Protein chains: 2
Amino acid sequence: MIIEDSSFKRLTNFLSERKYSSIVILADSNTVGYCVPLLVEQVPFLNSSPVIIVSSGEKNKTLHSVEKIISELVSCNADRNGLLVNVGGGMITDLGGFAASVYKRGIDFIHVPTSLMAMVDAAIGGKTGVNISDIKNIAGTFAIPESVFIYHGFLQTLPEREYKSAYAEIIKHILLSDSKMWDQLVSNQLNFFAAYNLPGLIDHSVKFKQSVVSIDLHDRGGRQILNLGHTLGHAIESSLLDSPAKLFHGEAIACGLIGELYLSTKLTGLKDRVLSEAIQIISAIYPNLSFALKKQDLFPFLYADKKNNSTSIGFSLLKSPGEPAKLCFPSAELIDESIEFIINTLIDTNQFVNDKN
Amino acid sequence: MIIEDSSFKRLTNFLSERKYSSIVILADSNTVGYCVPLLVEQVPFLNSSPVIIVSSGEKNKTLHSVEKIISELVSCNADRNGLLVNVGGGMITDLGGFAASVYKRGIDFIHVPTSLMAMVDAAIGGKTGVNISDIKNIAGTFAIPESVFIYHGFLQTLPEREYKSAYAEIIKHILLSDSKMWDQLVSNQLNFFAAYNLPGLIDHSVKFKQSVVSIDLHDRGGRQILNLGHTLGHAIESSLLDSPAKLFHGEAIACGLIGELYLSTKLTGLKDRVLSEAIQIISAIYPNLSFALKKQDLFPFLYADKKNNSTSIGFSLLKSPGEPAKLCFPSAELIDESIEFIINTLIDTNQFVNDKN
């Protein structure tokens, strides 16, 4: 399914085997400039493919954009034997996957992720989604791409902040899957993410996520472990979407990880040591993570979380590195405390970093 | 799956067994006035259920309405163990089915069809859909309702024109499934649709459609026979959506049936006699079917049809009553001719009716 260095050649083979009646590319205003031309140059099959362009940014992952994509698919005469090629970060793979999965009740699609975040997370796992009223992925489908083609070269196009944002998901995957790898990360810290290590880290994330998803595509239990850090993380991200202190998805997940590992120390026996290690690593990667977070702004988003039952907010926590816990429903007081913990930790860290500067 | 006279009692049993965390009703501006109060009175389980109301009419079967429904489901704190109860005609069952199938990537839904059209067709078969740029059901999902509850009493609320509109689908189901029943219809004509016959006709339509769908939910071949009359019918309906000569769905399908039975006489060996019989029956049911149809307005909609391959327009035709044909791709000239045939037939019929008056 996953194609790395020889990705363009394999994409060419894939397209020549499948004989789609039409192939349409979806890109955003960023990826259309560099990634799409490179892709088309390397994969001549795509030479005459129309390109649908949506404005970049999570704010545009909406049903309005879905309507635009579908109208353009109609204009391109894309039929049920057509293919949509999603070229972009997680916003494009989520949005394009959704549009393809409902267009004429479903056509094939593939992902060509161009961001590290999409490579290690968004493009993998068969979930599509759009946001409504700033609630992330509140509408979506389960739909598996025919294939995912990962070309590491695209990573060179990413601004550093966006690139590093994805480390939070890599950290999460390591925490969930592998205590030895966690120890290496703790002892090695930032070197762990050096460019020469990245292909291996991407590969680890993809394989781990695929293994979880393969036993529970429809999110009936097994794959909930992947939500570690995401209940608080999504709420933080959503509450700041309109603010100047807007966070990247991974940055919000990094904050969420701090809060949910704190909850894990209270509820599922996680050792304080692991929480401290995680804070140290996250602070090293994201030294200037500060934001105007108001606790009360988070709760509406927490209550809209898809994992909830009607009265409580569900969290996927951790027992120890490599050992995820079942879904927990902490008390409102404890959730409150965990948000306080994030805020205080980050203020301390920022002061610490600023003192050093 | 289907509940008739004792439908309210069975719906009560269904709800008491399932123990949904929340139950939300979806209605349109018509059904909220009479059908919803009757339903709530008869099914006390629904007493405290919030009601989401969308404006009635096919024009509102849009992603914009989906967005509204999902925002209101969020406001109602509907979680993944919630249920959406769609109370209305085909517009509500298509729209509500779609919204439920994507809300939080899918919650349960049931249909309580209030129109004859929804009872014999729209609510059955697991297809949901919304229109974009006036192209019918261009976005949708395959999603099966947990159950469909048919209460015949709702039919008394329907205006005659809307009610009769559904006869076209009943005729189609008979044409596809049963030559003896076709002969009865031909000899009996309008008496066939007398009120005392309707429960049996509804039952026949539901069972026939379910039997077709059960072998091909995802529309990969087998269920295409159900499109008889719908390629031209949908194009006619779509092209007139903004016109004062707007047709009801079934009226458009009746026109489509005339055109596609004409194509069947040319391509799949249908006897001219059956075409004449169908014209006679359709003219008797819809004596004043006249519309300002322009042939050239139809083609953009025909080319957008989901059944097409990239170059040709696909039609599900008939060999003889009870014997559907495989998908056919007539020449553009023959399609043109079939549209002419519809127009001329209806003009003749209208003149005939007007002469008699």
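Preceding this paragraph is the structure being described.
Residues numbered from 1 in each chain as written. Chains lettered and ligands numbered in written order. Predicted model: local features only at pLDDT ≥ 70, side-chain atom pairs only at ≥ 80, totals over all residues. Heavy atoms only, no water.

Caption draft 1: A look at helix H12 (residues 272-285) of chain A. The terminal C-alpha atoms of H12(A), which comprises 14 residues, lie 20 Å apart, in line with the 20 Å expected from a rise of 1.5 Å per residue. Taken residue by residue, H12(A) has A:Val274, A:Leu275, A:Glu277, A:Ala278, A:Ile279, A:Ile281, A:Ile282, A:Ser283 and A:Ile285 as its buried positions. (Helix = DSSP H or I, 4+ residues; strand = E, 2+ residues; numbered from the N terminus. Expected span 1.5 Å × (residues − 1). Buried < 20%, exposed > 50% of the residue type's maximum accessible area, 1.4 Å probe, protein only.)

Caption draft 2: Seen up close, the relation of the copies chain B and chain A. Overlaying chain B with chain A gives an RMSD of 0.0 Å, the required rotation being 180° about an axis along which the chain moves by 0.0 Å. Overall, the copies show the geometry of a two-fold rotation axis. When C-alpha distances to the rotation axis are compared across chain B, the minimum falls at B:Leu63, with a value of 3.3 Å. When the interface residues of chain B are mapped onto chain A, 100% of them are again interface residues, pointing to one common binding face. (Least-squares fit on C-alpha atoms with pLDDT ≥ 70 in both. Contact = heavy atoms within 4.5 Å.)

Caption draft 3: Representation of the packing of helix H3 (residues 63-75) of chain A against helix H3 (residues 63-75) of chain B. Relative to each other, H3(A) and H3(B) sit at 155°, their axes nearing to 10 Å. Overall, the two elements H3(A) and H3(B) adopt an arrangement that is roughly antiparallel. Here the hand of the crossing between H3(A) and H3(B) comes out right-handed. Note on element contacts: H3(B) touches H3(A) through B:Leu63, B:Val66 and B:Glu67, opposite A:Leu63, A:Val66 and A:Glu67. Looking at the contact of H3(A) with H3(B) residue by residue, the class counts come to four nonpolar, no polar and two charged. (Axes fitted to C-alpha atoms, helices over the stretch in contact; angles between N-to-C directions. Parallel < 35°, antiparallel > 145°, perpendicular 65-115°, else oblique. Left-handed = near helix turned anticlockwise from the far one by under 90°. Nonpolar A, V, L, I, M, F, W, Y, C, P; charged D, E, K, R; others polar.)

Caption draft 4: The arrangement of the interface of chain B and chain A in detail. Between chain B and chain A, the contact holds 36 residues from the first and 36 residues from the second. Buried area between chain B and chain A, summed over both chains or domains, comes out near 3,000 Å², and the portion from carbon and sulfur atoms is 57%. Between B:Arg80 and A:Asp219 there is a salt bridge; the shortest N-O distance is 3.4 Å. Linking chain B with chain A are ten residue pairs in polar contact (both at pLDDT 80 or more). Those elements that place two or more of their residues in the side of chain B that touches chain A are H3, helix H4 (90-102) and strand S7 (135-139) of chain B. Top element by residues in the side of chain B that touches chain A is H3(B). It accounts for six residues. Partitioning the side of chain B that touches chain A into residue classes produces 14 nonpolar, 13 polar and nine charged. (Buried area = accessible area lost by both parts, 1.4 Å probe. Salt bridge = Lys/Arg side-chain N within 4 Å of Asp/Glu carboxyl O. Polar contact = N/O pair within 3.5 Å; in protein donor to acceptor, adjacent residues only side chain to side chain.)

Caption draft 5: Quick peek at unusual backbone geometry. Residue and element names in this part refer to chain A. With phi around 50°, Asn137 is a residue other than glycine that occupies positive phi space. Although it is not a glycine, Asp219 adopts a positive phi angle of roughly 60°. Within the secondary structure, Asp219 sits in the loop between helix H9 (198-214) and helix H10 (230-239).

Caption draft 6: Main features of empty space enclosed by the protein. All told, the structure shown has four cavities of 30 Å³ or more when counted by the stated rule. As a volume, the largest cavity reaches approximately 110 Å³. Lining the largest cavity are twelve residues; nearest its centre among them are B:Ile135, B:Lys136, B:His234, B:Phe301 and B:Asp305. Per-element accounting of the lining of the largest cavity gives the leading share, four residues, to helix H10 (residues 230-239) of chain B. Here the lining of the largest cavity is built from residues that sort into six nonpolar, three polar and three charged. Its volume calculated, the second largest cavity comes out at about 50 Å³. When residues of the lining of the second largest cavity are traced back to their parent elements, those giving at least two are helix H4 (90-102) and strand S5 (108-113) of chain A. (1 Å grid on protein atoms, 1.4 Å probe; cavity = no way out; pocket = protein on both sides within 12 Å on 5 of 7 lines; lining within 4 Å. Points joined across faces, edges and corners; volume = space filled by probe spheres on them.)

Caption draft 7: Structural detail: the packing of aromatic side chains. Using the criterion set out here, one finds 20 aromatic pairs over all chains in the structure. Aromatic pair A:Tyr163 and A:Tyr167: ring centres 6.0 Å apart, planes at 65°, arrangement edge-to-face. Both rings, one in B:Phe192 and one in B:Phe193, keep their centres 5.8 Å apart while their planes meet at 80°; by these two values the pair is edge-to-face. In this structure, B:Phe192 and B:Phe193 share a single accessibility class: buried. One aromatic cluster is present, built from ring pairs that chain together A:Tyr163, A:Tyr167, A:Phe192 and A:Phe193. (Phe/Tyr/Trp six-rings, centres within 6.5 Å; stacked < 30°, edge-to-face > 60°.)

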